[in-house]
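# Structural characterization, general
The lines below spell out each chain.
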Amino acid sequence: MDLNSCDIFIQWETPKGADGKTTRSVSPEYIRDIESKPGKLIFGWALSDQITKQAGQLKFSVRFFKWEDEEEAESGGNKNLVYSFSTLTASV
């Protein structure tokens, strides 16, 4: 699978806050580059204040997915997922 043809999202979970709760959400990739290093897919992740508010270990993984019909899925129509791949969870 050419991962450059997929949507890319970073799934993340914050450390526990003072209330003992964590926040789980997803962020889209920030920028995509396939030209700087041939054969490599480079993408960024913009960290918001919601992600960095709490000190501690931030957990994250990267999800690549592809819809059968991109235009129909984006317009809220039929959503048939044809590819989904996720990395293992990492902590920083």
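For the structure itself, look to the data block above.
So, here's what we can say about the structure. (Residues numbered from 1 in each chain as written. Predicted model: local features only at pLDDT ≥ 70, side-chain atom pairs only at ≥ 80, totals over all residues. Heavy atoms only, no water.)

### Side note on the pattern of salt bridges
Note on pairing: side chains with opposite charge can pair once their charged atoms come close. All chains considered together, the criterion is met by 2 salt bridges. Note that Arg24 and Glu13 form a salt bridge whose closest N and O atoms lie 3.0 Å from each other. Remark: Glu13 occurs in strand β1 (residues 7–13) and Arg24 occurs in strand β2 (residues 24–28); sequence separation between them is 11 residues. Arg24 sits in the exposed class, given a relative accessible area of 62%. Its salt-bridge partner being Arg32, residue Glu29 comes within 3.0 Å of it at the nearest N-O pair. (Salt bridge = Lys/Arg side-chain N within 4 Å of Asp/Glu carboxyl O. Helix = DSSP H or I, 4+ residues; strand = E, 2+ residues; numbered from the N terminus. Buried < 20%, exposed > 50% of the residue type's maximum accessible area, 1.4 Å probe, protein only.)

### What about the packing of aromatic side chains?
Applying the stated criterion to the full structure yields 5 aromatic pairs. Ring centres 5.6 Å apart and planes at 15° place the aromatic pair Phe9 and Phe65 in the stacked group. Of the two residues, Phe9 sits in strand β1 while Phe65 sits in strand β5 (residues 59–67), which places them 56 residues apart along the sequence. For the pair Phe43 and Phe64, a centre-to-centre distance of 6.2 Å together with 85° between the ring planes defines the contact as edge-to-face. Of this pair, Phe43 sits in strand β4 (residues 42–43) while Phe64 sits in strand β5, placing them 21 residues apart in sequence. On the basis of relative accessibility, which here comes to 5%, the residue Phe64 falls in the buried class. (Phe/Tyr/Trp six-rings, centres within 6.5 Å; stacked < 30°, edge-to-face > 60°.)

### A look at the environment of Ser25
Summarising the element assignment, Ser25 is placed in strand β2. On the basis of relative accessibility, which here comes to 31%, the residue Ser25 falls in the partly exposed class. Ignoring any residue separated from it by four or fewer positions in sequence, one finds Ser25 in contact with Ile10, Gln11 and Trp12. (Contact = heavy atoms within 4.5 Å.)

### Examining the nonpolar core
Grouped together as the largest cluster of nonpolar side chains are 5 residues: Cys6, Ile8, Ile10, Val62 and Phe64. Secondary-structure elements contributing two or more residues to this core are β1 and β5. With sequence-adjacent residues up to four places away left out, Ile8 is seen in contact with Ser27, Pro28, Glu29, Arg32, Leu41, Phe43, Val62, Arg63 and Phe64. (Core = buried A, V, L, I, M, F, W, Y, C linked by side-chain atoms within 4.5 Å.)

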